[in-house]
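Coordinates in review
Below, each chain spelled out in residue letters.
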Amino acid sequence: MLTNCFARPRRVFAAIAVICAAMLAFGILYLQNVVGLEPCPMCIVQRYALIIVGVFSAFAAFSRKPGAWRLWGLLAVAMSAFGAFTAARQSWLQWNPPEFATCGRDIYGMIESFPLQSAIPMIFKGSGDCSAIDWTFLGGTIANWSFVWFVIFAIVILAVLLRLPRRVNGGFSA
């Protein structure tokens, strides 16, 4: 079954794009608008990473050439790794909360008030609200589940890219 799945890379990329859109819809429409959770700076960074993974996967799904699949796939893997790093850092903050938990500025306030080279490290330092656990599912926090999904996306895309045919003498070999 997996061999069949990986034989159609465009469908795999399309499925990843749809999953990213569904995750964003769940986070924005349900968790933020129904449950009332406000995203912390690290949550917003993960949200942007998820958007970019979905967009790169959609570009790969609409591309017809394996060279384009490789390019968009590698960019999606890189963004998945960035999203996984951010989610792992937030998970670590949740497991080891800072002694002085204060609600920090939101991401837009940081960027407006500080130069970009100072604001970016502040985002990853996290704040009191980044270490708060407001919602869980099967024992995992939002950051834990984000990490899991970013890793799954990276592994699946890498598996697809490794199974793509290689160019041989101007054509493609299987």
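Here, every reference points to the structure presented above.
None of these values were measured; they are calculated from a predicted model. (Residues numbered from 1 in each chain as written. Predicted model: local features only at pLDDT ≥ 70, side-chain atom pairs only at ≥ 80, totals over all residues. Heavy atoms only, no water.)

Let us now look at the packing of aromatic side chains. The description of two aromatic rings rests on the distance between their centres and on the angle between their planes. One pass over the structure, following the stated rule, counts three aromatic pairs. For the ring pair F56 and W72, a centre distance of 5.5 Å and an interplane angle of 35° mean the geometry is tilted. In this pair, F56 is assigned in helix α3 (residues 41-62) and W72 in helix α4 (residues 66-95), connecting sequence segments 16 residues apart. The exposure class of F56 is buried, given its relative accessible area of 17%. Taking relative accessible area as the criterion, W72 reaches 22% and is therefore assigned partly exposed. A ring pair is formed by W149 and F153, whose centres lie 5.8 Å apart and whose planes are at 45°; its orientation type is tilted. Here the residue W149 and the residue F153 both occupy positions in helix α8 (residues 142-163), the gap between them amounting to four residues, near one helical turn. Given a relative accessible area of 30%, W149 falls into the partly exposed group. Clustering of aromatic rings is evident, with ring pairs tying together F56, F59 and W72. (Phe/Tyr/Trp six-rings, centres within 6.5 Å; stacked < 30°, edge-to-face > 60°. Helix = DSSP H or I, 4+ residues; strand = E, 2+ residues; numbered from the N terminus. Buried < 20%, exposed > 50% of the residue type's maximum accessible area, 1.4 Å probe, protein only.)

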